[in-house]
Amino acid sequence: MISTVVWGTGNVGRLALRAVEAHPALKLTGVIVHDPGKVGRDAGDLGGLGRDLGVAATDDAGAVLDGRPGAVVYAASGDVRPDDALDDILRAIRAGAVVVTPALYALYDQRGAPAEMREAVLAAVAEGGGSLLVSGVDPGWGNDVLPLMISGLGTEVDAVRCQEIFDYTTYDQPDSVRYLVGMGQPMDYEPPMLAPSVPSMVWGGQVRLIARGLGVELDEVREAVERRPLDATVTTELMGDFEKGTQGAVRFEVQGIVGGEPRIVVEHVTRIHPSCAPDWPVPPTGDGAHRVIIEGDPRIEVTVEAVDASGNRAAGGNATAVGRLVGAIDWLVENEPGLYDALDVPMRPATGKLGRTAR
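Residues numbered from 1 in each chain as written. Predicted model: local features only at pLDDT ≥ 70, side-chain atom pairs only at ≥ 80, totals over all residues. Heavy atoms only, no water.

Caption draft 1: Spotlight on the packing of aromatic side chains. Inspection of every chain in the model, using the stated rule, returns 4 aromatic pairs. The ring of Phe-242 carries Arg-178 above its face, with NZ or CZ at 3.8 Å from the centroid. (Phe/Tyr/Trp six-rings, centres within 6.5 Å; stacked < 30°, edge-to-face > 60°. Lys NZ or Arg CZ within 6 Å of the ring centre and 35° of its normal.)

Right under this line is the structure:
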């Protein structure tokens, strides 16, 4: 079995602990945390498994990496600390580990990543013999392999659109929702996630990845952003009140332009309550879904709703993205050390998982 470490135990890390524990080819051997209050806690507790796994969390990353794990699921945030996240990941690669992570947006399309970042990763690979795969949790498969796979069913393809449509009513991420995305803030507030060039920085790599898979050259990558205020104050179960007149919904697109037209689009539609912007795309049921639309002949539309054990679709979507990353580990271990992206690593069937449940 492959000795596997989970680094970070927030929303993504909790799911990673469950995914590693459930994977028949992996053995959880370490958990790295930054919060002193988590040091010493059992991985099963941190992952919400309801049972101990016999692996205590530590904040000593060096000691864990000195143990030469076969793989590291890097689940710590890279949103506001990209340089620190890259340094951590390079340490793990130099220690010989296969690393999977959603933290480095620029490496979604590793071939088009900034040269200095790509060269740093390749140098670490050459030094330590590890590997790296970066894929998103929005979810990455919904913006790369799924649209490409579906596009192959069409006779003609005019455009590809990937949508994430979510209602944050039951989401427990107040910092991200209120301040990064701007929900509940005055309409003159400038959310960092929506600042010019930021959507392209985060999702542009996925647009370029689809273009590469389709064999087309992009003229450029553009952004389009629209925001709507709440018509009435709404109260959420986990994040409290969001006042009338403040931002209640956001819709943005990262557009890959081909021949002067947006032909490859990654679109996000998010609300703090379903009453806001009802004319925008909505999920078929519940609080969220992911959708791929292939405009062409025939027109193809596929909607995916993933629901976790508690009935939460946002967490379910994240879980599928984490499953994609964790499920790639044994493939990466079996292949040559290197820097990979989603087009390099095949989707894996659930071999050996049928009937297994992380309890």
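Caption draft 2: Main features of the sheet that holds strand β13 (residues 288-297). Taking strand neighbours across the sheet as the criterion, the 6 strands line up as β8-β11-β12-β7-β13-β14 in an open arrangement whose pairing is mixed. The sheet is open, and its two edges are formed by β8 (220-229) and β14 (300-304), each paired on a single side. For this sheet, the mean angle separating the axes of adjacent strands, direction not counted, is 15°. Two strands pair when backbone bridges link them, and strand β11 (residues 247-258) and strand β12 (residues 261-271) are joined in this way by 10 bridges, in the antiparallel orientation. Note on β12: the bridge partner recorded for Ile-257 is Pro-262. Of the strands in this sheet, β7 (156-167), β8, β11 and β12 touch helix α8 (residues 198-214), which is tilted by about 40° from β11. (Pairing = 2+ DSSP bridges. Helix = DSSP H or I, 4+ residues; strand = E, 2+ residues; numbered from the N terminus. Axes fitted to C-alpha atoms, helices over the stretch in contact; angles between N-to-C directions. Contact = heavy atoms within 4.5 Å.)

Caption draft 3: Looking closely at the pattern of salt bridges. Counting across every chain of the model gives 17 salt bridges. For Arg-161, the salt bridge is made with Glu-267, and the minimal N-O distance between the two is 2.9 Å. Placement of the pair is Arg-161 in strand β7 and Glu-267 in strand β12, with a sequence separation of 106 residues. Judged by its relative accessible area of 0%, Glu-267 falls in the buried class. Put simply, Glu-267 and Arg-251 hold a salt bridge, and the shortest N to O gap is 2.5 Å. Of this pair, Glu-267 sits in strand β12 while Arg-251 sits in strand β11, and the two are 16 residues apart along the sequence. Under the relative-accessibility criterion, Arg-251 is labelled partly exposed at 23%. What emerges from the salt-bridge pattern is a single network uniting Asp-109, Arg-208, Arg-212 and Asp-341. (Salt bridge = Lys/Arg side-chain N within 4 Å of Asp/Glu carboxyl O. Buried < 20%, exposed > 50% of the residue type's maximum accessible area, 1.4 Å probe, protein only.)

Caption draft 4: The arrangement of the packing of helix α4 (residues 82-94) against helix α5 (residues 115-128) in detail. It is the contact of α4 with α5, at a shortest axis distance of 7 Å, that shows an interaxial angle of 25°. Taken together, the axis directions place α4 and α5 in an arrangement best described as roughly parallel. Crossing hand, α4 versus α5: right-handed. Contacts from Leu-86, Leu-90, Ile-93 and Arg-94 of α4 reach α5 at Met-117, Ala-120, Val-121, Ala-124, Val-125, Glu-127 and Gly-128. Its residues placed into classes, the contact of α4 with α5 shows 8 nonpolar, 1 polar and 2 charged. (Parallel < 35°, antiparallel > 145°, perpendicular 65-115°, else oblique. Left-handed = near helix turned anticlockwise from the far one by under 90°. Nonpolar A, V, L, I, M, F, W, Y, C, P; charged D, E, K, R; others polar.)

Caption draft 5: Spatial organisation of the nonpolar core. By size, the foremost hydrophobic cluster in this structure holds 70 residues, and its most contacted members are Val-99, Leu-107, Val-121, Leu-132 and Ile-272. Other than its neighbours up to four places away in sequence, Leu-107 contacts Ala-113, Met-117, Val-121, Leu-132, Val-134, Leu-339 and Asp-341. One finds Val-55, Val-98, Val-326 and Ile-329 within the second-largest nonpolar core, a separate group that totals 31 residues. (Core = buried A, V, L, I, M, F, W, Y, C linked by side-chain atoms within 4.5 Å.)

Caption draft 6: Geometry of the side chain of Asp-330. Note that Asp-330 resides in helix α10 (residues 329-334). For Asp-330, the residues in contact, after removing those within four places along its chain, are Ile-2, His-23, Ala-25 and Arg-348.

Caption draft 7: A look at the environment of Ser-131. Tracing the sequence through the fold places Ser-131 in strand β6 (residues 131-134). Under the relative-accessibility criterion, Ser-131 is labelled buried at 2%. Taking C-alpha positions, Ser-131 is 12 Å from Val-345, a pair spaced 214 residues apart along the chain. Contact partners of Ser-131, with chain neighbours within four places excluded, come to Ile-93, Ala-97, Val-98, Val-99, Glu-336, Pro-337, Gly-338 and Tyr-340. Separated by 3.0 Å, the side chain of Ser-131 and the backbone nitrogen of Gly-338 make a polar contact. (Polar contact = N/O pair within 3.5 Å; in protein donor to acceptor, adjacent residues only side chain to side chain.)

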